[in-house]
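Tertiary structure, described
Chain residues, written in single-letter form:
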Protein chains: 2
Amino acid sequence: MAGRKPKPKAKLKIAALGGLEEIGKNMTMLEYGNDIMVIDCGLAFPEDDMLGIDLVIPDVTYLIKNIDKVRGIVLTHGHEDHIGALPYILKQLNVPVFGTLLTLGLLENKLREHKMLDKTVLHTVVPRERVNLGQFNVEFIHTNHSIADSVALAIHTPIGTVVHTGDFKVDYTPIDGEIIDLQRFGELGKEGVLLLMSDSTNAERKGFTMSEKNVGKVFEKIFEDTPKNRIMVATFSSNIHRIQQVVNAAYMYGRKVAIIGRSMVNAVKTASELEYLAIPPRTLIDIGEIKNYKDEQLVIITTGSQGETMSALTRIAMNEHKQVNVKPEDKIIISASAIPGNEKNVTRVINELLKKGANVIYGDMEEIHVSGHARQEELKLMLALTKPKFFMPVHGEFMHLSCHKDLALSMGLDKNNIFIMKLGEVLEVTRNEAKVNGTVPAGRVMVDGLGVGDVGNIVLRDRKHLSQDGLMVVVVTLDRESGTIVAGPDIISRGFVYVRVAEDLMDEAKKVVLEALLDCEEKNITSWNYIKGVIKDTLKNFLWQKTKRSPMILPIIMDV
Amino acid sequence: MAGRKPKPKAKLKIAALGGLEEIGKNMTMLEYGNDIMVIDCGLAFPEDDMLGIDLVIPDVTYLIKNIDKVRGIVLTHGHEDHIGALPYILKQLNVPVFGTLLTLGLLENKLREHKMLDKTVLHTVVPRERVNLGQFNVEFIHTNHSIADSVALAIHTPIGTVVHTGDFKVDYTPIDGEIIDLQRFGELGKEGVLLLMSDSTNAERKGFTMSEKNVGKVFEKIFEDTPKNRIMVATFSSNIHRIQQVVNAAYMYGRKVAIIGRSMVNAVKTASELEYLAIPPRTLIDIGEIKNYKDEQLVIITTGSQGETMSALTRIAMNEHKQVNVKPEDKIIISASAIPGNEKNVTRVINELLKKGANVIYGDMEEIHVSGHARQEELKLMLALTKPKFFMPVHGEFMHLSCHKDLALSMGLDKNNIFIMKLGEVLEVTRNEAKVNGTVPAGRVMVDGLGVGDVGNIVLRDRKHLSQDGLMVVVVTLDRESGTIVAGPDIISRGFVYVRVAEDLMDEAKKVVLEALLDCEEKNITSWNYIKGVIKDTLKNFLWQKTKRSPMILPIIMDV
């Protein structure tokens, strides 16, 4: 990993492989001379049109092609959209990974599941530490975010310093007592920052994001107001500080805490072992023990704040959880906001809980959630402290990047020095100049079951078609030589129409196809492909006319 | 339509056929003695799991069974979720329809498209008018909502008065100058209201909904601040008052107005003809004429505020609109909030518009939209004015109904007199008592193409399955007598995996199936069903083991 000699006048090249014009799948690469370093390696959840897809990871073709240059992957924090693709990517790109203690702790759980832990080199770092990755000297800077142990990066290169904020907010009263290291950002700005890449997730929102500590005060009030009943809190398993505040409130009001949901149990275990979570003795109980306590002595912390189908809270709501039933007057706090796309699932879960008599606190009813991302005033603070020469907003949809650009413009940055980039576009930076020049491969690699990248647009198009109007299979057995009909045609449909109410339609369809086949027979046609085309067109027209639907039609000819 | 003699001590029965535990598809029936009347007849848009479904309408089995009793359908306003199912329902239930001028004007457009206009009896009513439907004396009361000409209903029955608010808000400065008829609600309350059914859509929200007039002021400010560029406004085509305010601002700043999007063109035409929309002379131009004007002389009013795929604004954003291209610096106002489920489509459209350099105002950036539904303080006002004996919150998810119930409780209503009902549940009301007693059929009838109700759960389950993992068709030709293999097995897949990258897998699959078939042959098995089962299980296990996916498997045996 020792530095190679720089090419004279080497340029710094930067390209995002994920995290631009999207929320999630964050990954950025920097290349200088013979060295490449990578920031984060996240996954995204599938869009609505990616039917059947489990998750989406970045396309790392360029890195694999240049594997000899890749010095390592540096992680900013332990969220799925920053570390989730690593188990898949490391299989093809086995390079050292650098991160803080909790980030690597959460990553280890993942790698263990994928049987990748032994094969991976992990380096733990602490804020203010510096690591050399070839000619990149990477400095870790403490930040605040909705997961503990988050860092920004100052990447010192031969031509100047690049600051990447990771995901961040400015919390003056954070739970762990450590305010984001504003002084260091200021110091870097004083020394001169060549390029700033900064989190745009909340760039549309005015003002400041509230402190995590606010949520704790609201929890205390709710606990105070709930002297008799059981309390459940659903939140993100990675939000260790939020969990800490629930534990604190529970301890204050003499309640035991039980944890449910696989990812929550894992996160609490890891965070406790690494001492990011302080649970007083005799506070934590096993979920099996809750029957030994009265309702007023219990708090249950659970997954399911997004209404995920298999999560503990959803199963509780649907009466499908083995150990926990909702009781009337249970107080249930959904301490999270719904991620776009999850609104309907969350609504469904809340409705079911309310129907069972629970008292559910959600949405804007109380201040039970704060974002982990900086709003406009914090983003301006970051720009003011670092005073970058060039600026690239990162992490967000185009609308967020665009708002972030407007903020920078309003502070006087030259519009020619601000770059809204596309995935894969290369920003070429020298000491004095930055410009977009060329591209590297970038895009979405879909994971479906064990398959990585074996589902592409054709498969998705077929799934979409099947999902809309279903399928008709037409089978006919023809004589190999003469083309005369030996058996069939038979028609089998799935997902098209409820067959019992459409028997006539199916009979008629069969008749129409038979006529077309007899016509082919008469004309002595023996091109199977031609006959398949005839079957398809005939049936398609017939069905459209009768039903205004277009199921997928699969003509199959067996010859004997 | 003359009243029949009441049965002695007849009870009033009320059941919602739509609009409870859901947003949309509003429809309520009231039955007293030999008379049934119906309030509204709306459609709902399909849920995420209703793959391929175009829209959802109420189940009117009970009404059809009792068609001799049904005296008419009364409409509260012209939104899709109140009138949209009529063209389908009237085909089975041809009864007179009552509504205000604009409501029926919008309905006529629909009926004309469905070639139903000549067959339908429409009665125009005005606020304060009363209509007899058997023993129901129905009074129409002016309200405010996001569509003009909305009414609430006071239904005078032999045992007391039922008030149904329709959808409403309280607007003290409405665009048409007509404040909701609070006095009449008060008067009714004074006389005694037996049952109130009231709109719960915004029951979660604190405070008051802002006046529509606020939006007009914001429009004026935006027009003032946009002296040089073209302005486009996307909103709901039914929001005639919003459109009026755009027209007013355009007129004030000397701009011509062009209308695009089929439903917008229709709505503007109907509302102008009926004089609900006042467009100054020489203000409206055809979209084809925009090239004759400078940008600063133009406003385009368009559909597409929900990012609907085929809408005018979406096609403009995607550069697919024939007459309008986005220009850099166009000012585009999305004057609507995204209906749950549409957020991602709206985001996509905004991103595309921004990428093309447009200046887009959306979401909370300015106060460019107000809701048409009453918030908590208005709902309390309605409860206070009508002082009902019994209360049934309507129109909303369970969470909204539940919040509305809490409001009523907080005002001192007896909890035994508040009824959160399910679809189809019958509320039986006498002068002194109300109770839930029995059910009528109710549910979701799915419309897919020309099919109404021919797609049910089995079809949807198949579509879901197909959409997740695709399909494998296995065809084999067997000898009818001996069961020996004559041809095949062949395997055809769709939506499963990109076949070129999985050739080996497909070859292996074929081999595995062949082995299973040979095994059957050896055992002299001639039950086609048994053999189909063997094919299915063999392939299913093989594929799960290899890919962790479960495509639908369709085994087809042709015999010769």
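None of the values given here were measured: they were computed from a predicted structure.

As a further point, take the nonpolar core. Residues and elements named next belong to chain A. With 63 residues, the main nonpolar core has I57, L63, I73, L86, V299 and I301 as its most contacted residues. With six residues, helix α7 (residues 240-252) is the largest single contributor of residues to this core. There are two domains that each give this core at least three residues, and those are domain 1 (12-207 + 371-448) and domain 2 (212-361). Once you skip the residues sitting within four places of it in the chain, I301 turns out to touch V233, I243, V246, V247, V257, A258, I259, I260 and M264.

On to the side chain of A:S150, then. Note that A:S150 resides in the loop between β9 (136-142) and β10 (151-157). Using a relative accessible area of 1% as the deciding quantity, one classes A:S150 as buried.

So, on to the pairing of strand β22 (residues 444-448) of chain B. All names here are of chain B. In this sheet, β22 lies alongside strand β4 (residues 55-58) in antiparallel orientation, the contact comprising four bridges. The residue of β22 that forms the bridge with P58 is R444. Judged from the two bridges that link them, β22 and strand β23 (residues 451-452) form a sheet pairing that is antiparallel. For V447, the partnering residue across the bridge sits in β23 and is V452. Adjacent in sequence and paired antiparallel, β22 and β23 are bridged by two residues, among which G449 carries a positive phi angle near 60 degrees.

So, on to the sheet that holds strand β26 (residues 552-559) of chain B. All names here are of chain B. Spatial strand order, β25-β24-β26: three strands in an open sheet with mixed pairing. This sheet does not close on itself; its edge strands, each paired only once, are β25 (485-494) and β26. Going from strand to strand, the sheet's axes swing by 15 degrees on average, the running direction of each strand aside. As defined by bridge partners, strand β24 (residues 471-478) adjoins β25 across seven bridges and the pair is classed as antiparallel. The residue of β25 that forms the bridge with L471 is R494.

Okay, the layout of surface pockets next. Reported here for the second largest pocket is a volume of approximately 350 Å³. What lines the second largest pocket is a set of 16 residues, and nearest its centre among them are A:R494, B:H465, B:K536, B:M552 and B:I553. With five residues, the top contributor of residues to the lining of the second largest pocket is β26(B). Residues belonging to the lining of the second largest pocket are distributed by class as follows: seven nonpolar, two polar and seven charged.

The next point concerns the packing of aromatic side chains. Residues and elements named next belong to chain A. For the structure on display, the rule yields six aromatic pairs over all chains. For the pair F223 and Y253, a centre-to-centre distance of 6.3 Å together with 40 degrees between the ring planes defines the contact as tilted. With F223 in helix α6 (residues 212-224) and Y253 in the loop between α7 and β14 (256-260), the pair connects residues that are 30 residues apart, well separated along the chain. With a relative accessible area of 2%, F223 lands in the buried category. Cation over ring: R549 sits above F496, and NZ or CZ is 5.7 Å from the ring centre.

What follows deals with the pattern of salt bridges. Scanning the entire structure with this criterion turns up 54 salt bridges over all chains. Here A:K546 and A:E508 are joined by a salt bridge, their closest N and O atoms 3.6 Å apart. You can see A:K546 sitting in helix α15 (residues 528-547) and its partner A:E508 sitting in helix α14 (residues 503-522), a full 38 residues away along the chain. The shortest N-O distance in the salt bridge between B:K355 and B:E352 comes to 3.4 Å. Placement of both B:K355 and B:E352 in helix α10 (residues 343-355) is noted, with a separation of three residues, approximately one turn of the helix. Within the structure, one salt-bridge network assembled from shared partners comprises A:R130, A:E139, A:R184, A:E187 and A:E191.

A separate point is the UniProt feature "active site" (unreviewed entry) in chain A. Residue and element names in this part refer to chain A. Mapped onto this structure's residue numbering, the UniProt feature "active site" (unreviewed entry) falls at D199 and H373. Despite a sequence span of 175 residues, these residues sit close together in the fold, their greatest C-alpha distance being 7.6 Å. Each residue touching D199, except ones within four places of it in the same chain, is listed here: T165, G166, D167, F168, H373, L379, V394, H395 and H404. Within the structure, the side chain of D199 is placed 3.2 Å from the backbone nitrogen of F168, a separation counted as a polar contact. Assignment of secondary structure puts H373 in the loop between β18 (359-361) and α11 (376-386). Side-chain polar atoms of H373 contact the side chain of D199, separated by 2.7 Å.

Now for the domain arrangement of chain A. Residues and elements named next belong to chain A. Taken domain by domain, chain A consists of domain 1 (12-207 + 371-448), domain 2 (212-361) and domain 3 (457-559). Put simply, the middle of domain 1 and the middle of domain 2, counted by C-alpha atoms, are 31 Å apart. Taken together, the contacts link 17 residues of domain 1 with 15 residues of domain 2. At the boundary of domain 1 with domain 2, total buried surface from both sides reaches about 1,400 Å², with 61% on carbon and sulfur atoms. Connecting domain 1 to domain 2 are one salt bridge. A salt bridge links E113 to R262, with the nearest nitrogen and oxygen atoms 3.3 Å apart. Inspection of the domain 1/domain 2 interface yields five residue pairs in polar contact (both at pLDDT 80 or more). Residues of the side of domain 1 that touches domain 2, tallied by class, amount to seven nonpolar, five polar and five charged.

Thresholds, definitions, all that
Residues numbered from 1 in each chain as written. Chains lettered and ligands numbered in written order. Predicted model: local features only at pLDDT ≥ 70, side-chain atom pairs only at ≥ 80, totals over all residues. Heavy atoms only, no water. Core = buried A, V, L, I, M, F, W, Y, C linked by side-chain atoms within 4.5 Å. Buried < 20%, exposed > 50% of the residue type's maximum accessible area, 1.4 Å probe, protein only. Helix = DSSP H or I, 4+ residues; strand = E, 2+ residues; numbered from the N terminus. Domains from an automatic or database assignment. Contact = heavy atoms within 4.5 Å. Pairing = 2+ DSSP bridges. Axes fitted to C-alpha atoms, helices over the stretch in contact; angles between N-to-C directions. 1 Å grid on protein atoms, 1.4 Å probe; cavity = no way out; pocket = protein on both sides within 12 Å on 5 of 7 lines; lining within 4 Å. Points joined across faces, edges and corners; volume = space filled by probe spheres on them. Nonpolar A, V, L, I, M, F, W, Y, C, P; charged D, E, K, R; others polar. Phe/Tyr/Trp six-rings, centres within 6.5 Å; stacked < 30°, edge-to-face > 60°. Lys NZ or Arg CZ within 6 Å of the ring centre and 35° of its normal. Salt bridge = Lys/Arg side-chain N within 4 Å of Asp/Glu carboxyl O. UniProt positions renumbered as here; feature names shortened; annotations may be inferred. Polar contact = N/O pair within 3.5 Å; in protein donor to acceptor, adjacent residues only side chain to side chain. Buried area = accessible area lost by both parts, 1.4 Å probe.

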